[in-house]
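Per-entry structural report
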Amino acid sequence: MSEFLLYHQITESSGKAIAEELGIPHGRTIRGRPTHLIRWGNGCGVGYTPRVVVNKKDAIEKCVNKELSTRIFHNNGIKAPEYLARPRAVCVGRSTYHTQGQNFWLCWEDSQIATAKREGAEYFIKYIPIKQEWRVHVINGEVAYVQRKYRQDRVSTSFMGIQGFRDDWHTVCLDPNLAGVNVCIQAVNAVAALGLDFGGADVVDGIDSNAPYVLEINSGASTPTPETRAPYVAYFKRRLAE
């Protein structure tokens, strides 16, 4: 039996730390033909089928294609931002593949939509005024912990994008009860809909409603501290023993 943790350039920092805590080989490209493979945000092909794969290739491909994953959420009854085939302001333009809050066009007027398309926006979703955003860490169908991105709920006339996140939001583990059962249920269902074994779901509460919306799933979420990595390490140890 041999093990390997495969990460992407973007997910390398956390992936490397988890692999070192597990004491297993790791890298951006696979070495050898390990029997047990953990994919930490990397969905590239490896040329064969390992005996145990944690987060399969096709699941990660669905995850990183943000337009496709949004459609999958809607098809499975998961509340997600409304996809706009004919966008009208106010709306948000996104690229099909994006990460870390990049490629985000907030269009307040219809004239801005054409500009967003020229700059790279490939699809548009309805704008949701956000009160709070959560990162919900789902592992094996259960919520391990949550993280609050805004220090407190926000109701403001200023632009409320990722620039308003507190700096240390991703370093702590909070009780799932703080996010509420509806947020957690949506996160668990969204991770399952994509076929992932684990994932960090970004879920928002809108100002005008307590109904949560799933924005996206991270298949290699940032886990910069031993505390945030611990639930993943424990789960991977069980899977590596299969």
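Here, every reference points to the structure presented above.
Residues numbered from 1 in each chain as written. Predicted model: local features only at pLDDT ≥ 70, side-chain atom pairs only at ≥ 80, totals over all residues. Heavy atoms only, no water.

As a further point, take the overall build of the protein. Secondary structure assignment for the protein yields six helices and eleven strands. Taking 18 Å as the expected radius of gyration for a compact globule of 242 residues, we find that the protein reaches 18 Å, a close match to that expectation. For the protein, the spread of C-alpha atoms along the three principal axes comes to 55 × 35 × 30 Å. The burial tally for the protein puts 51% of its 242 residues in the buried class. (Helix = DSSP H or I, 4+ residues; strand = E, 2+ residues; numbered from the N terminus. Rg over C-alpha atoms; globule rule 2.2 N^0.38 Å. Buried < 20%, exposed > 50% of the residue type's maximum accessible area, 1.4 Å probe, protein only.)

Okay, the sheet that holds strand β6 (residues 104–107) next. A sheet is described by the order of its strands in space; here three strands give the open sequence β6-β5-β7, paired in antiparallel fashion. The sheet is open, and its two borders are formed by β6 and β7 (123–126), each paired with just one other strand. Neighbour to neighbour, the strand axes of the sheet diverge by 30° on average, direction disregarded. Relative to β6, strand β5 (residues 91–94) runs antiparallel, the two sharing four bridges. Across the sheet, R94 pairs through a bridge with F104, a residue of β6. Across the sheet, helix α4 (residues 111–119) touches β5, β6 and β7, and the angle it forms with β6 is around 170°. (Pairing = 2+ DSSP bridges. Axes fitted to C-alpha atoms, helices over the stretch in contact; angles between N-to-C directions. Contact = heavy atoms within 4.5 Å.)

Strand order in the open sheet made by the four strands is β9-β8-β10-β11, with antiparallel pairing throughout. Looking at the sheet topology across the chains shown, the edges are occupied by β9 (142–148) and β11 (212–218). Direction aside, neighbouring strands of the sheet carry axes that sit 25° apart on average. Pairing between strand β8 (residues 130–139) and β9: six bridges, direction antiparallel. Within β9, the residue paired with W134 across the bridge is R148.

In this section: unusual backbone geometry. In this model, A89 is joined to V90 through a cis peptide bond whose omega is 5°. Turning to its location among the elements, V90 is positioned in the loop between α3 (66–75) and β5. At N55, a residue that is not glycine, the phi angle is positive and equals roughly 70°. Looking at the element boundaries, N55 is found in the loop between β4 (52–54) and α2 (57–64). Of note in this structure, N140 is not a glycine but carries a positive phi near 55°. Considering the arrangement of structural elements, one finds N140 in the loop between β8 and β9.

Bringing the packing of aromatic side chains into the picture now. Taken as a whole and judged by the stated rule, the model has nine aromatic pairs. Arranged with centres 6.3 Å apart and planes meeting at 45°, the rings of Y232 and F236 form a pair that is tilted. Here F236 and Y232 lie together in helix α6 (residues 226–240), a separation of four residues that amounts to about one turn. Of the two residues, Y232 and F236, both sit in the buried class. R33 extends its terminal NZ or CZ atom over the ring of Y48, reaching a point 4.3 Å from the ring centre. (Phe/Tyr/Trp six-rings, centres within 6.5 Å; stacked < 30°, edge-to-face > 60°. Lys NZ or Arg CZ within 6 Å of the ring centre and 35° of its normal.)

Attention shifts here to the packing of α2 against α3. At their nearest, the axes of α2 and α3 sit 5 Å apart, and the two run at 100° to each other. In terms of orientation, α2 lies roughly perpendicular with respect to α3. Counted together, K62, C63 and V64 of α2 and K66, L68, S69 and I72 of α3 form the full contact between these two elements. Here the residues of the contact of α2 with α3 are counted per class, giving four nonpolar, one polar and two charged. (Parallel < 35°, antiparallel > 145°, perpendicular 65-115°, else oblique. Nonpolar A, V, L, I, M, F, W, Y, C, P; charged D, E, K, R; others polar.)

This brings us to the pairing of β5. Residues C91 and G93 line one face of β5 and the alternating positions V92 and R94 line the opposite face, and both faces are buried. Pairing analysis gives four bridges linking β5 to β7, with the strands arranged antiparallel. Bridge assignment links V92 to a residue of β7, and that residue is I125.

Moving on, we get to α6. Here α6 contains 15 residues, and its C-alpha end-to-end distance of 19 Å stays within 8% of the 21 Å for a straight helix at 1.5 Å per residue. All of the buried residues in α6 are T228, R229, Y232, V233, Y235, F236, R239 and L240. (Expected span 1.5 Å × (residues − 1).)

With that settled, consider the packing of helix α1 (residues 12–22) against α6. Put simply, α1 and α6 touch, their axes get as near as 10 Å, and they point 55° apart. Taken as axis vectors, α1 and α6 run oblique relative to one another. The handedness of the crossing between α1 and α6 comes out as right-handed. Between α1 and α6, the contacting residues are S14, A17, I18, E21 and L22 on the first element and P226, R229, Y232, V233, F236, K237 and L240 on the second. For the contact of α1 with α6, the class distribution of residues is eight nonpolar, one polar and three charged. (Left-handed = near helix turned anticlockwise from the far one by under 90°.)

Everything listed here is a matter of geometry and, on its own, says nothing about what the molecule does.
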